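# Results of the structural survey
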Amino acid sequence: MKKFSAAIISTTLCIPFAVVAEEQTQWHYSLGGHDFAVQDSHTLGVNVSLLIDHKTQNNILFAASIDAYVDVDVDKLDPDHIPLWFKSDYSIGSELYRLSSEYSFDWQFDLQGKRNTVSSVEKQIKVFPGIAANFEGQQLQAQLKVGAGYYSLEIDDDVPRTRGYDRGDFGNDGFAYSFMGRLGVDLTDKLHMQVAVQTWQDSEQWLENQYRLELSYQTDFLGFGDQLVLYTEHTQYNLDNYAKMDVNSTGYLPILPWDNDTLVRLSLIIPW
C-alpha cells in the first residue's frame, strides 16, 4: 500500500444534539473490568477511563474518551507483553442540515488510537473526517456514516519475528475509506441498546471490520446519575496486507497466527 502523507481535509458524522445557546462541558470517569479474548486465550484485567463532552456556543461538539487497561495475568500469546495498554477516541463536529425533527445530516472529524494490546497491535491510528445521516425517533435511533482519511496499523515485533518477518514488515498505512451503520433502541426508560458495524477499506481490499454491542443501564447506584455499561467489540484484521510473498504460495505464513480479537468490558460511568 502506498504511504499516505497528504493533509486530510473532509467531513464525517456527529451524533445529533439539541440546539442551545450556552457553552457546556460534561466530565465523566469510569471504572471497570474487562476480558480481552484472542482465539482460546482470555486476558482479564481492570480499566479506567476519562470522558469529556464539550459544546461551544456555536453548537460545535467536542468529545473525547481516554482509556487505560491493566491486564492482571501473563498471557500465553506473547510472554513479553507489557500488561498495560491504551485506547482513545476524539471527535469534533456539528449539524450540517436538518430535514425535520427526526432527520439530520452531520459532519465530524474523528481521531482514534490504540496502543500495546495483547493481540499484538503495537500502534493504531485512524484519522477520518466524514458525514452522516441520522434518524432520531422516540425509542429508535439510526445512523449511516461515511468517511475518508488515514489508516495505520503497526504490529508488535515479538510474534512476527518467529514467523520470518523482520523490521520494516510490521507497519501498514495509507489512504482509506470508512463505512459505518449504527442502530440504537431504548428498551426501557433506563435500559438502552446500541449495535454498530464498521469497515475500513483502501482502494484494493478491506483493512479491518469491527462489530460493536453496547448495553447501558441508568443505575443511579451512587446517586449521581451513574450508568452501568456492558460493551463488546469484535475486530477482524486483514493480515494479507503484510504478506512478503503470494498469500496462495506454499509455506506462506501470515504475520500473526490470529486475525481477530474481542474486547468485553463492564464499566460504571460516573459524572464528575
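Residues numbered from 1 in each chain as written. Predicted model: local features only at pLDDT ≥ 70, side-chain atom pairs only at ≥ 80, totals over all residues. Heavy atoms only, no water.

### Side note on the overall build of the protein
Broken down by element type, the protein carries one helix and 12 strands. For the protein, the C-alpha radius of gyration of 20 Å lies close to 19 Å, the compact-globule estimate for 272 residues. Its C-alpha atoms put the protein at 60 × 40 × 30 Å along the principal axes. For the protein, buried positions account for 44% of its 272 residues. By sequence separation, contacts in the protein at least 24 residues apart represent 62% of the contacts at least 6 residues apart. (Helix = DSSP H or I, 4+ residues; strand = E, 2+ residues; numbered from the N terminus. Rg over C-alpha atoms; globule rule 2.2 N^0.38 Å. Buried < 20%, exposed > 50% of the residue type's maximum accessible area, 1.4 Å probe, protein only. Contact = heavy atoms within 4.5 Å.)

### Quick look at the confidence of the model for the protein
Across the protein, pLDDT averages 89, with 90% of residues at or above 70. Taking the mean pLDDT of every element in the protein, the minimum, 89, falls on helix α1 (residues 158-161) and the maximum, 98, on strand β9 (residues 191-201). Between residues 1-21, whose pLDDT stays under 50, and residues either more than four places distant or in other chains, the model counts 79 contacts. (pLDDT = per-residue confidence, 0-100.)

### Details of the environment of L213
Examined against the element boundaries, L213 turns out to sit in strand β10 (residues 206-218). Take L213: its relative accessible area is 34%, and that puts it in the partly exposed class.

### Description of the packing of aromatic side chains
All told, the structure shown has six aromatic pairs when counted by the stated rule. With a centroid separation of 5.2 Å and 75 degrees between ring planes, the pair formed by F36 and W85 is classed as edge-to-face. Remark: W85 occurs in strand β4 (residues 84-98) and F36 occurs in strand β1 (residues 24-38); sequence separation between them is 49 residues. In this structure, F36 and W85 share a single accessibility class: buried. Ring geometry for Y69 against W85: centres 4.0 Å apart, planes inclined by 10 degrees, an arrangement best described as stacked. Taken as a pair, Y69 in strand β3 (residues 61-71) and W85 in strand β4 lie far apart in primary sequence, 16 residues in all. Overall, W85 belongs to the buried group, its relative accessible area being 1%. An aromatic cluster of at least three residues, connected via ring pairs, comprises W27, Y29 and W272. One Lys or Arg, K126, reaches over the ring of W200 and ends 3.5 Å from the middle of that ring. (Phe/Tyr/Trp six-rings, centres within 6.5 Å; stacked < 30°, edge-to-face > 60°. Lys NZ or Arg CZ within 6 Å of the ring centre and 35° of its normal.)

### Some words on the side chain of Q210
Counting through the fold element by element, Q210 comes out in strand β10. At a separation of 3.2 Å, a polar atom in the side chain of Q210 contacts the side chain of T235. Contact partners of Q210, with chain neighbours within four places excluded, come to K126, A196, V197, Q198, W200, E233, H234 and T235. (Polar contact = N/O pair within 3.5 Å; in protein donor to acceptor, adjacent residues only side chain to side chain.)

### Quick notes on the nonpolar core
Of all hydrophobic cores here, the largest spans 25 residues; its most connected members are F36, Y151, L153, I155, I255, L256 and W258. Residue assignment for this core shows that the elements contributing at least two residues are β1, β6 (121-136) and β7 (140-155). Element by element, the count of residues in this core is highest for β7, at three residues. With residues up to four places along the chain from it excluded, the contact list for I155 reads S120, E122, P160, F170, Y242, I255 and L256. (Core = buried A, V, L, I, M, F, W, Y, C linked by side-chain atoms within 4.5 Å.)

### A look at a nonpolar patch on the surface
Residues L96, Y97, L99, Y103, F105, I131, V146, F175, Y177 and F179 make up a contiguous nonpolar surface patch of about 940 Å² in total accessible area. Tallying contributions element by element places strand β8 (residues 171-186) first for the nonpolar patch, with three residues. Among the secondary structure elements, F105 is positioned in strand β5 (residues 103-115). (Patch = residues over 30% accessible without salt bridge, like charges linked within 9 Å, V, L, I, M, F, W, Y side chains within 5 Å. Areas by Shrake-Rupley, 256 points an atom, 1.4 Å probe, with all protein chains shown as cover. Salt bridge = Lys/Arg side-chain N within 4 Å of Asp/Glu carboxyl O.)

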